[in-house]
Amino acid sequence: MRIRTSAIAALTAACAVLGVGLLAGGHAQGQQPEQDLSEKEIERYRAMISDPMSNPGFLNVDRGEQLWSLKRGAKNVSLETCDLGVGTGKLEGAYAKLPRYFADAGKVMDLEQRLLFCMTTLQELDTKDVIARRFSGPGRVSDMEDLVGFIANKSSGMKIEPQVSHPKEQEMLSVGEAMFYRRSAVMDFSCATCHAAEGKRIRLQGLPDFSKPGKAAQETMGSWPTYRVSQSQMRTMQHRLWDCYRQMRMPAPDYASDGLTALTVFMMKQAQGGEIAVPSIKR
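In this text the structure is predicted, and so the values were computed from the model without any measurement.

Rules of the game
- Residues numbered from 1 in each chain as written.
- Predicted model: local features only at pLDDT ≥ 70, side-chain atom pairs only at ≥ 80, totals over all residues.
- Heavy atoms only, no water.
- Helix = DSSP H or I, 4+ residues; strand = E, 2+ residues; numbered from the N terminus.
- Buried < 20%, exposed > 50% of the residue type's maximum accessible area, 1.4 Å probe, protein only.
- Polar contact = N/O pair within 3.5 Å; in protein donor to acceptor, adjacent residues only side chain to side chain.
- Phe/Tyr/Trp six-rings, centres within 6.5 Å; stacked < 30°, edge-to-face > 60°.
- Contact = heavy atoms within 4.5 Å.
- Axes fitted to C-alpha atoms, helices over the stretch in contact; angles between N-to-C directions.
- Parallel < 35°, antiparallel > 145°, perpendicular 65-115°, else oblique.
- Left-handed = near helix turned anticlockwise from the far one by under 90°.
- Nonpolar A, V, L, I, M, F, W, Y, C, P; charged D, E, K, R; others polar.
- 1 Å grid on protein atoms, 1.4 Å probe; cavity = no way out; pocket = protein on both sides within 12 Å on 5 of 7 lines; lining within 4 Å.
- Points joined across faces, edges and corners; volume = space filled by probe spheres on them.

K.L.:
Which parts of the structure should I look at to understand the side chain of Gln113?
P.N.:
Along the chain, the position of Gln113 falls in helix H4 (residues 111–121). You can call Gln113 buried: its relative accessible area is 6%. For Gln113, the side chain forms a polar contact with the main-chain oxygen of Ala256, separated by 3.0 Å. Polar side-chain contacts of Gln113 include one of 2.5 Å to the side chain of Thr261.

The structure is reproduced here in C-alpha cells:
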C-alpha cells in the first residue's frame, strides 16, 4: 500500500512541532538528548495553552461552579452547605487539605467521596447517575469532574497540607504506603514499579518518583485535576489511579473506594508543601 508523499511530509512536520524525531525503527531508548528535547518542547506546548483563556479545563470549572449552587435531590437544596473540612460551604484551601477525617462520616475521605456523601445526606440525591458518569467521554459530561475542577481551583496558589494527625488518617497513610509497594496481578506490578526511581519514562513521558518526598511528588499532586489533551477531557486523581490499575492489569478499583483514598493520602504526604496549580494541562 502506497503512502502519499504529502502524508509523510505532514507527519514529519507534526513531529517537528512537538520536537519528536522520526527515529529509525521507532526505537527511542538510549536517545537521551532527543528525549530531553522532546520534554522541553512538550513543556513549551503546555505553556502556550495553560492560560485560562486557552485551557479547556476552565470550562469544567465554570460548569462546576453552577453545579455547586444547583438545587437538586429530594430536599431540593444545593451543595453550598457541604463541609469539605474547613467550614460549612467554604472552598478556599479545602482541596489542599484533602483527604482528611470527617467525624460526621466516621472515616477519611477524598474530595469525590465527600461530594458523594454530601449529595446523599444533604440533598438526598440518587447518585447512581452521577457515579455512572464519573468519568466523562464522547457525549457524556461528568458532574464529579466539573465539581472537582471548580473546588480544586479554589486552592490554586496554596500549599499542599496533608492531614495525618488523626488516628484514622495515620491508619490510611500506612495502608496507602503498603498499597504503593504491593506487587500483584498477572504483571506482578506495583505503583513502585514505575514510580520509585528517578529518570524513568513511559514513551516520552517522565514518571515522577513517589518513593521519597520532594519536588517530583509535589509537582505531580499539585497539578491534578488536569485537562488531558490526548483524551480531550478533564481528569481527576480518581481517574488517574483507576487508569494506572488498568494498565497494570489489576482488577479495576471501585470508584471512590477507601483503597484509592488511602493511596491518595500517601501521595499527598509525599507531596507536602507543593503548590497547587489547577486545572493544569497534560498530554
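Continuing now.
K.L.:
Please clarify how the packing of aromatic side chains should be interpreted in this entry.
P.N.:
Centre distance and the angle of the planes are the two values used to describe a pair of aromatic rings. If you walk through the whole model with that rule in mind, you get four aromatic pairs. Here Phe135 and Trp242 contribute two aromatic rings whose centre-to-centre distance is 5.4 Å and whose plane-to-plane angle is 45 degrees, an arrangement assigned as tilted. Of the two residues, Phe135 is situated in the loop between helix H5 (128–132) and helix H6 (143–153) and Trp242 in helix H10 (residues 237–247); the sequence distance between them amounts to 107 residues. Residue classification places Phe135 among the buried positions, given a relative accessible area of 11%. On the numbers, 5.1 Å between centres and 45 degrees between planes, the contact of Phe180 with Phe266 is tilted.

K.L.:
What am I meant to see in the environment of Ser190 here?
P.N.:
Following the sequence through the fold, Ser190 ends up in the loop between helix H7 (167–181) and helix H8 (191–195). According to the relative accessible area criterion, Ser190 is buried, its value standing at 3%. Ignoring sequence-local partners within four residues, the contact set of Ser190 consists of Phe180, Tyr181, Arg182, Arg183, Met248 and Met250. Among the polar contacts made by the side chain of Ser190, one reaches the main-chain amide nitrogen of Ala192 at a distance of 3.2 Å.

K.L.:
Even after reading the chapter, I still don't get the packing of H4 against H6, so can you show me in this structure?
P.N.:
The angle between the axes and the distance between the axes are what describe a pair of packed helices. One way to put it is that H4 packs onto H6 with a least axis distance of 11 Å and a crossing angle of 110 degrees. Taken together, the axes of H4 and H6 lie roughly perpendicular to each other. Considering only the axes of H4 and H6, their crossing is right-handed. For the pair H4 and H6, the contacting residues are Leu111, Glu112, Leu115, Leu116 and Met119 in the first and Met144, Leu147, Val148 and Ile151 in the second. Broken down by class, the residue content of the contact of H4 with H6 amounts to eight nonpolar, no polar and one charged.

K.L.:
Just to check I follow, could you spell out empty space enclosed by the protein for this structure?
P.N.:
For the structure on display, the rule yields one cavity of 30 Å³ or more. Within this model, the largest cavity holds a volume of roughly 190 Å³. Elements supplying a minimum of two residues to the lining of the largest cavity: H4, H10 and helix H11 (258–270). The element contributing the most residues to the lining of the largest cavity is H10, with three residues. Of the residues belonging to the lining of the largest cavity, the class tally is 10 nonpolar, three polar and two charged.

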